[in-house]
Amino acid sequence: QTVTWAPDKDRAILEYPDGSKILYNFATKQQSTLPSHWEDFSFSPDSGQIVSKSYALDPENNWLVVSKDDGSQATALESIGDNGDTVYSDWSPNNQIVAMYTQGLDFNRQELYFVGLNGENFKSTVIEGRGFQPLWSSEGERLLYSVYSTDSNLNPKLWVVDAKGDNISQNRQSLSISTWASKCTFSSDTVVYCAVPQSLERGAGLFPELADQTQDDLYKINLKTGTQELVAVPDSAYNISKLMVS
């Protein structure tokens, strides 16, 4: 049902409709069973560890958990209580941050906090909308994200912000492109490719299913210069859900 690939592409976490979850190593052809109550997986840059959300019957026992890739040597990192929907497992490529969480300021704004492995007191940053979807740049220097707000007709808009150390929250800017971060991929720390719907119904950020059949174009965005280049218009009405750069 869901596959989460490790950065080394030799292993992946496979999640099945019955709730079972396994780590499969394609290089060694070995598999390990992961706890079924773990969700939202993300691999460390070296592929040897994972971060996930561990859910229990009692919300007081819900935790952000770090373990080896096979689920062994698990360590509780942060309590998430009943706020799991606003916690995002997303290990940064520079190994500095393993997850993020948001707290609402008003309908159009949230505070975004960063979680490290050692209780670091990272800066936070304000994000201008709801429906947060993050995507780390290749080196973990910047964070691309999409959010929707009343200012965008409740449609997703791409933003970018510095997200490393003391630079967190600096150089935040809107890219003025209506798509989701999940439809983008980085080819370097400053160049990102995105599938951009030719049109979106109002409220697609709130109801993503409205965009299931959109016709998407491909754009190349240089975050250093701010240039945006239309690189491909598919020869048919294709909806693109995942981009990869070889």
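Let me begin by describing the structure that accompanies this report. Residues take numbers from 1 onward in each chain, read along the sequence in its written order. With the structure being a predicted model, the display of local features is reserved for residues of pLDDT at least 70 and the display and counting of side-chain atom pairs for 80 or more, all residues being used for whole-chain, interface and lining totals. As a rule here, side-chain values come from all non-hydrogen atoms in the structure, and water together with hydrogens is ignored.

**Quick notes on the sheet that holds strand β20 (residues 228-232)**
One open sheet accounts for 4 strands, arranged β17-β18-β19-β20; its pairing is antiparallel. Edge positions in the sheet fall to β17 (184-186) and β20, since each has one partner strand and no second. Each adjacent strand pair in this sheet contributes to an overall mean axis angle of 25 degrees, direction not counted. What makes two strands pair is DSSP finding at least two bridges between them. For the purposes of this entry, the term helix denotes a DSSP run of H or I that reaches at least four residues, the term strand denotes a run of E that reaches at least two, and both are numbered from the N terminus. One ladder, built from 7 bridges, connects strand β18 (residues 191-197) with strand β19 (residues 216-222); its direction is antiparallel. Among the inter-strand pairings, Cys194 is bridged to a residue of β19, identified as Tyr219. Axes here mean lines fitted to C-alpha atoms, for a helix over just the part in contact, with angles spanning 0 to 180 degrees between N-to-C directions.

**Details of the state of the cysteines**
Cysteine sulfur pairs qualify as disulfides if the two atoms are within 2.5 Å. Inspection of the entire model under this criterion finds 1 disulfide. Covalently, Cys184 is tied to Cys194 through a disulfide, its sulfur atoms 2.1 Å apart. Between Cys184 and Cys194, the S-S torsion sits near 110 degrees, and that sign places the bridge as right-handed. Remark: Cys194 occurs in strand β18 and Cys184 occurs in strand β17; sequence separation between them is 10 residues. There is no split in this pair, since Cys184 and Cys194 are both buried. Residue burial is assigned from relative accessible area. The probe radius is 1.4 Å, only protein chains are included, and a residue is buried under 20% of its type maximum, exposed over 50%, and partly exposed in between.

**Concerning the packing of aromatic side chains**
Stacked, tilted and edge-to-face are the three classes assigned to paired rings of Phe, Tyr and Trp, where Trp is represented by its six-membered ring and a pair needs centres within 6.5 Å; plane angles under 30 degrees give stacked, over 60 edge-to-face, the rest tilted. If you walk through the whole model with that rule in mind, you get 6 aromatic pairs. For the ring pair Tyr24 and Phe26, a centre distance of 4.8 Å and an interplane angle of 75 degrees mean the geometry is edge-to-face. Judged by relative accessible area, Tyr24 falls into the partly exposed class, the value being 21%. By relative accessible area, which is 39% here, Phe26 ends up partly exposed. Ring centres of Phe132 and Tyr145 lie 5.8 Å apart, and the angle between their planes is 50 degrees; on these two criteria the pair is classed as tilted. With a gap of 13 residues between them, Phe132 in strand β13 (residues 130-136) and Tyr145 in strand β14 (residues 142-148) connect regions that are remote in the sequence. Exposure class is identical for Phe132 and Tyr145. Each is buried. Linked through ring pairs, Trp5, Tyr24 and Phe26 together constitute an aromatic cluster.

Geometric values such as these leave the question of function open.
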